[in-house]
Amino acid sequence: MELGPIWRAMMRNKTGAILIALQIAVTMAIMVNAISIMQERSRMMARPSGVDEANIFYISSVGFAEDFNERVAIEEDLNMLRSLPGVVDAIQTNSVPLSDGGWSMGLQTEPGAEIQGTGVAIYFVDEHGMETFGLELLAGEDFSPGDVGWRERSDTEWPDKGIITRAMAEALYPDDPDSALGSTVYINDDEPLTITGIMKQMQAPWNGWSGVERVMLVPQHTLFGATRYVVRAEPGRRDELMPQVEQILADSNKGRIVRNMRTMEETRERSYRSDGSMIKMLTFVIALLTLVTALGIVGLASFSVSRRTKQIGTRRALGASRSAILRYFMTENLLISIVGVLAGGALAVGLNMWMVDAFDLTRLGWYLVPVAMVLLLLVGQIAVLGPARRAASVPPAVATRTV
Amino acid sequence: MLSMQDISMVYRTDLVETHALRDFSLDVAEGDFVSVTGPSGSGKTTFLNIAGLLEQFTKGRYELDGRDVSSLSDAQRSKVRNEKIGFIFQGFNLIPDLSLYDNVDVPLRYRGFSAAERKRRIEHVLDLVGLGSRMKHLPSQLSGGQQQRVAIARALSGEPRFLLADEPTGNLDSQMALSVMELIKQINDQGTTIIMVTHDPALAGMASRNIHIRDGQVSDVEHDTQLVAAIAG
C-alpha cells in the first residue's frame, strides 16, 4: 500500500481534500442525528395504545333539540349498539387514546393542596369499558353496574373508585407499585378515591405527553351535551358496522346530529401524521446530503484524474498495473473519507449533546456513529469508483506525449 | 536483447489511417547504446513507445530479452516494464507533490521490494546522480538538470537491463545537457543497454550506433556515429 506517499502528496495539495472531508463530516453529523431523531419518532409511533385498535371505531353525538334528553338518549343508544350483531361491546366515553383531546387530573397519595399530584388522563366509562377497549386487567376487579354514576358538566365531585394503568401505579408508588391496588389516592387535593383495579396498559389522548401511559378509568357517564360512543366490532366486521351504526344513530333520534365517525387506526394515523412527515423529510434530507457528498467526491476525483493524466501515464510506464492505479485513487479517497468520518463522529456527538440539552432529545445509540462511518466510507468508495476506473484506463503511452 | 521484425503500427480513425511504422525491423544487442534520429512525425516516439511496451503494435514480432512480448496481457506488460525497462522522459515526468525520495520510490513499490531494500536502492541511486543530500526536496526546488538526474535515478533504481530515453536533454541548456549525457554514457559503460531518441546530431554522435527513421521505416540502417558527430561538429 502507498499510504505514506499518498498522504504526503495530499498534504501538499490539500484544499480540495479538506473541503470534501468537511463535507463528509457535516453530512455525517446531520445524518447521525437525523437517524437518531427518526428512531425516536419511530419508537414513539410503534408504541401500542393498549386498546384493540383494529376493531374499534367511535362516533360523536350532539343533541340540539329542546326536548332532547341526553341521559335517555345515551341509555337507548348503548342498548341498541350493544345488541347489534357483530358488536362485541360499546360504551359512552369522553375520549379515546391518541385523539389529542381529553381530560387530565392530578392524583396524590396524601391529601393536601400543597402536595404536587401525579398527572393522569381520565376516561369516563361504565362497566363495559374494559371489554369495549379490549383492556387487560392485571389485578383487582372491573367496575360493576352499581358503581357507575352520572356526571353533569358542572359537577366537581369524583366517584370513589378508579382503575389505573400499571405505569400510573409505578408513578404513584415507585418503590412498591403492587401496593397501589386497594390504596386510597386523592383527587382535587383531598377527595379520596380507592384504586380497585390495575390494568396492563392504555395510552392517554396526547401522544407527546411524557406521562402518556398514565391513565385512570372512572365509572361515570357524562352529560356534557356532546358525547362519544366507542364501539368494538368482532374481528373483520368493523367496516361493515360503521355505516350501519351511523345510520341507526341518526335515524333513532332526530333531535341530535351524529358526526366524526372514525376508526382507531385512522386516529393513530392522524395522531402521528406529523411524526411520519418528519421521518419522510429527514430521510429525504439524508438522501440528498449523501448524494451531494457523493457528487462532491466524484467531482474532486474527476478533477484530480484530469489534472494528473500525465502523472498516471508515467506511473503506468514505470510499472503500475491498471489495478494499482485504481487502488491508488480508492486509497486516496479512503484517507480523505476517514478524516471526514472521524471529524464527523466528533461533530455528531457534539451536536447530539447540544440537542439533548436544548430540545430534550434522546442520546445517540452507541452504534449509530460507527454504522454511519462505515456507510459513508462505502459511499465514498462507490463514488470514487467511476473516476478511479477512468484513471486506470489512462494508457502508459501518455507519459511520452508532450501535451 | 531487443529484436523487432516487420513491426507496423497503424493509427485508425473513422476517416484516416496513419502508418506510424511500416515493416520496421531492428536488432539491438546487450550493452548497445543506440541513438534514434529522424524528422518530426517520422515515427521515433511510436518506436520508443513500442520498444518500451507503452503501446501495442498492429503487426510484426517483438522479442525483448529473448521473450516474445507481442501477446502479453496489460498486467504482464506492466510487470516487464517495471522489471526490465527504465524510462527517461523529455519533460522529466517527476510527480510534483512527491519528494525526490518518494519519486524514486514509485517504481520500487510496484516491484514489491521491502521498505529496507527500497531505502537502500533510493539512497544509492540518488547518491549516484549527486542528489543524495536533497532527498526530502520537491522537484520544484531543483533545476531542470537536477530534475532530469532524479528521473535518471528513478529509471536506474530498479536496475533495468534496458534504458529508453526520449529526448533526455530536450528541456535542458547545453551545459546541463552535457552533464546528463555524460551520466547516461556512464550508465551504458556499466553494461545497461540504452536506446535514446533525439533530434540533436551531436548527442546522437555520443551513441555507439545511430538509427535514422523516415516515414516509419529505418532509412539508414546504421550510421557511423563518428561521422554523424563530425557532421554535427
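Further up the page is the structure itself.
Residues numbered from 1 in each chain as written. Chains lettered and ligands numbered in written order. Predicted model: local features only at pLDDT ≥ 70, side-chain atom pairs only at ≥ 80, totals over all residues. Heavy atoms only, no water.

**Some details on the overall build of chain B**
Inference 1: Along chain B, the regular secondary structure elements total eight helices and ten strands.
Inference 2: Here chain B has a C-alpha radius of gyration of 18 Å; the compact-globule value for 233 residues is 17 Å, and the two agree.
Inference 3: With respect to the three principal axes, the spread of C-alpha positions in chain B is 50 × 45 × 35 Å.
Inference 4: Per-residue burial for chain B yields a buried fraction of 54% across its 233 residues.
Inference 5: Excluding contacts between residues fewer than 6 apart, the proportion of contacts in chain B whose partners are at least 24 apart in sequence is 69%.
Inference 6: Accessible surface computed for chain B: about 9,900 Å², of which carbon and sulfur atoms make up 48%.
Inference 7: Here chain B carries 24 positive and 30 negative side-chain charges, and the mean point of each set is 6 Å from the other. (Helix = DSSP H or I, 4+ residues; strand = E, 2+ residues; numbered from the N terminus. Rg over C-alpha atoms; globule rule 2.2 N^0.38 Å. Buried < 20%, exposed > 50% of the residue type's maximum accessible area, 1.4 Å probe, protein only. Contact = heavy atoms within 4.5 Å. Areas by Shrake-Rupley, 256 points an atom, 1.4 Å probe, with all protein chains shown as cover. Lys, Arg positive; Asp, Glu negative; His and termini not counted. Charge placed at Lys NZ, Arg CZ, Asp CG, Glu CD.)

**Things to note about the sheet that holds strand 5 (residues 67-68) of chain B**
All names here are of chain B.
Inference 1: Strand order in the open sheet formed by four strands is 2-1-4-5, with antiparallel pairing between adjacent strands. Strands with a single pairing partner mark the edges of an open sheet, and in this sheet they are strand 2 (17-28) and strand 5.
Inference 2: For strand 1 (residues 2-12) and strand 4 (residues 59-64), the ladder comprises five bridges, and the chain directions are antiparallel. What sits directly across from S8, in strand 4, is K59.
Inference 3: Its contacts with the sheet place helix 1 (residues 44-51) against strand 1, strand 2 and strand 4, and it is angled at close to 120° to strand 1. (Pairing = 2+ DSSP bridges. Axes fitted to C-alpha atoms, helices over the stretch in contact; angles between N-to-C directions.)

**Overview of the pairing of strand 9 (residues 191-199) of chain A**
Residue and element names in this part refer to chain A.
Inference 1: Within strand 9, seven of the nine residues are buried, leaving the element largely enclosed by the surrounding structure.
Inference 2: Sheet analysis places strand 5 (residues 137-140) next to strand 9, joined by three bridges and oriented antiparallel. Bridging across to strand 9, G140 finds its partner in G197.
Inference 3: Pairing of strand 7 (residues 161-165) with strand 9, which is carried by five bridges, proceeds in the parallel orientation. Looking across to strand 9, one finds that T165 is bridged to M199.
Inference 4: Note: strand 8 (residues 184-187) against strand 9, four bridges, orientation antiparallel. Bridge assignment links I187 to a residue of strand 9, and that residue is E191.
Inference 5: What sits between the antiparallel neighbours strand 8 and strand 9 is a turn of three residues, in which N188 has the positive phi angle 55°.

**Section: the interface of chain A and chain B**
Inference 1: In this complex, chain A contributes 25 residues to the contact, which on the side of chain B involves 26 residues.
Inference 2: Ranking the residues of chain A by area buried against chain B places R12(A), L318(A) and T400(A) at the top, with a combined share of 29%.
Inference 3: Linking chain A with chain B are three salt bridges, by the criterion used here.
Inference 4: When the shortest N-O distance is used, the salt bridge between R8(A) and D102(B) registers 2.8 Å.
Inference 5: The interface formed by chain A and chain B contains eleven residue pairs in polar contact (both at pLDDT 80 or more). (Buried area = accessible area lost by both parts, 1.4 Å probe. Salt bridge = Lys/Arg side-chain N within 4 Å of Asp/Glu carboxyl O. Polar contact = N/O pair within 3.5 Å; in protein donor to acceptor, adjacent residues only side chain to side chain.)

**A look at the packing of aromatic side chains**
Inference 1: Scanning all chains against the criterion turns up twelve aromatic pairs over all chains.
Inference 2: Relative to W158(A), the ring of F124(A) lies with its centre 5.8 Å away and its plane at 20°, an arrangement referred to as stacked. Placement of F124(A) in strand 4 (residues 118-125) and of W158(A) in the loop between strand 6 (149-152) and strand 7 is noted, with a sequence separation of 34 residues between them. One exposure class covers both F124(A) and W158(A), and it is buried.
Inference 3: When the centroid spacing of 5.8 Å and the interplanar angle of 5° are considered together, the rings of F87(B) and F89(B) count as stacked.
Inference 4: Using a relative accessible area of 2% as the deciding quantity, one classes F89(B) as buried. (Phe/Tyr/Trp six-rings, centres within 6.5 Å; stacked < 30°, edge-to-face > 60°.)

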